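Inside the fold
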Amino acid sequence: MVKTSRRQPDPSTPLDAQWLRGLMQLLNTKTMRHVISLVIENESGALSRVSGLFSARGYNIESLTVAPTEDASLSRMTIVTSGSDDIVEQITKQLNKLVEIVKVVDLSESAHIERELMLIKVRATGKDREEMKRLADIFRGRIIDVTDASYVIELTGTQAKLDSFVGAIEPALILETVRSGICGVGRGERVLKV
């Protein structure tokens, strides 16, 4: 058996300055949610390259939506990720290096609007039927499909609103949930266009 020796800190000497700086940076690093919006050429493999960039660097994508814009040759992609400002800046720089990317903006840097769509199928029998209707009305949702035993409710809003709606329903009544992911746009004069 080989014995490895570990350097024990000497209480009489000050802490290593480099270690202390690293610890301070770690403590000062705030992980924030960022909504990154980009315009990308609408061609096969482009989405794969963007998601590959995230996975290769160990970044997590919490939500991703993509669809063509008014220009059929371009798509708009909205990515939600979490990280410090430094990490998101690094992600943005890496995205800008991809050939297919036309423009990248972190919507979280200024005022923006974000919405998500949710379709939720719930059990709606007996007393639960009226309760589901009432909850849909409270959250300004719409019942878009009705059967003898279930409702499908459409709800649009912020992530927090949709989470609150799901939280207000007894878990045993939820049959299925589908969420679109976030779409976002800058407020006012801020436009993401080529």
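A brief structural summary. (Residues numbered from 1 in each chain as written. Predicted model: local features only at pLDDT ≥ 70, side-chain atom pairs only at ≥ 80, totals over all residues. Heavy atoms only, no water.)

**Structural notes on the overall build of the chain**
Let me state the cut-off plainly: Strands here mean DSSP runs of E at least two residues long; helices mean DSSP runs of H or I at least four residues long; both are numbered from the N terminus. Three exposure classes are used, based on accessible area relative to the maximum for each residue type with a 1.4 Å probe and protein chains only: buried under 20%, partly exposed in between, and exposed over 50%. By definition, residues are in contact when any of their heavy atoms lie within 4.5 Å. Note that accessible areas follow from Shrake-Rupley with a 1.4 Å probe, and for residues the cover is restricted to the protein chains shown.
A count of helices and strands for the chain gives 5 helices and 8 strands. What you see in the chain, going N to C, is helices and strands ordered as α-β-α-β-β-α-β-β-α-β-β-α-β. For the chain, buried positions account for 31% of its 194 residues. At a minimum sequence separation of 6, the contacts of the chain that also span at least 24 residues come to 74%. Total accessible area on the chain stands at roughly 12700 Å², and carbon and sulfur atoms take up 53% of it.

**Some thoughts on the sheet that holds strand E7 (residues 150-157)**
Heads up, the condition is: One requirement defines pairing of two strands: DSSP has to find at least two bridges between them. Between N-to-C directions, angles span 0 to 180 degrees; the directions come from axes that are lines fitted to C-alpha atoms, helices contributing only their stretch in contact.
Spatial ordering of the open sheet is given by E6-E7-E5-E8, a layout of 4 strands whose pairing is antiparallel. On the outer flanks of this sheet lie strand E6 (142-146) and strand E8 (174-186), each paired with one strand and no other. Along the sheet, successive strands turn relative to each other by an average axial angle of 15°, direction set aside. Across 4 bridges, E6 lies against E7 in antiparallel orientation. Residue pairing for E7: Arg142 is matched across the bridge by Glu154. Against the sheet, helix H4 (residues 127-138) contacts strand E5 (112-123), E6 and E7, and its axis sits at roughly 15° relative to E7. Contacting E5, E7 and E8, helix H5 (residues 159-168) crosses the sheet at an angle of about 155° to E7.

**Considering the packing of aromatic side chains**
Just so we agree on the cut-off: Any two of the Phe, Tyr and Trp rings considered here, Trp counted by its six-membered ring, make a pair once their centres fall within 6.5 Å; the pair's planes then place it as stacked at under 30 degrees, edge-to-face at over 60, or tilted in between.
Evaluated as defined, the whole model comprises 2 aromatic pairs. The interplanar angle of 80° and the centroid separation of 6.3 Å between the aromatic rings of Phe54 and Tyr59 together place this pair among those described as edge-to-face. The class of Phe54 is buried, set by a relative accessible area of 1%. Arranged with centres 5.1 Å apart and planes meeting at 80°, the rings of Phe139 and Phe165 form a pair that is edge-to-face.

**Details of the pairing of strand E1 (residues 32-41)**
Extensive coverage of E1 is indicated by the burial of 7 of its 10 residues. As judged from the 10 bridges shared by E1 and strand E3 (residues 74-83), these two strands associate in the antiparallel manner. In the sheet register, Ile40 faces E3, and the bridge partner there is Ser75. Bridge count between E1 and strand E4 (residues 101-106): 5 bridges; the pairing is antiparallel. Bridging across to E4, Ser37 finds its partner in Val105.

**Considering the pattern of salt bridges**
Short version of the rule: Within this document, salt bridges are pairs made up of a side-chain nitrogen of Lys or Arg and a carboxyl oxygen of Asp or Glu, the two lying within 4 Å of each other.
One pass over the structure, following the stated rule, counts 10 salt bridges. Arg134 serves as the salt-bridge partner of Glu131, at 2.9 Å between the closest nitrogen and oxygen. Of the two residues, Glu131 and Arg134 are both situated in helix H4; the distance of 3 residues between them amounts to about one turn of the helix. Judged by its relative accessible area of 29%, Glu131 falls in the partly exposed class.

**Regarding the environment of Ala136**
Here Ala136 shows up in helix H4. Judged by relative accessible area, which is 1%, Ala136 ranks as buried. Taking C-alpha positions, Ala136 is 8.0 Å from Leu155, a pair spaced 19 residues apart along the chain. Sequence-distant contacts of Ala136, that is, excluding residues within four places in its chain, are made with Gly141, Ile143, Ile153 and Phe165.

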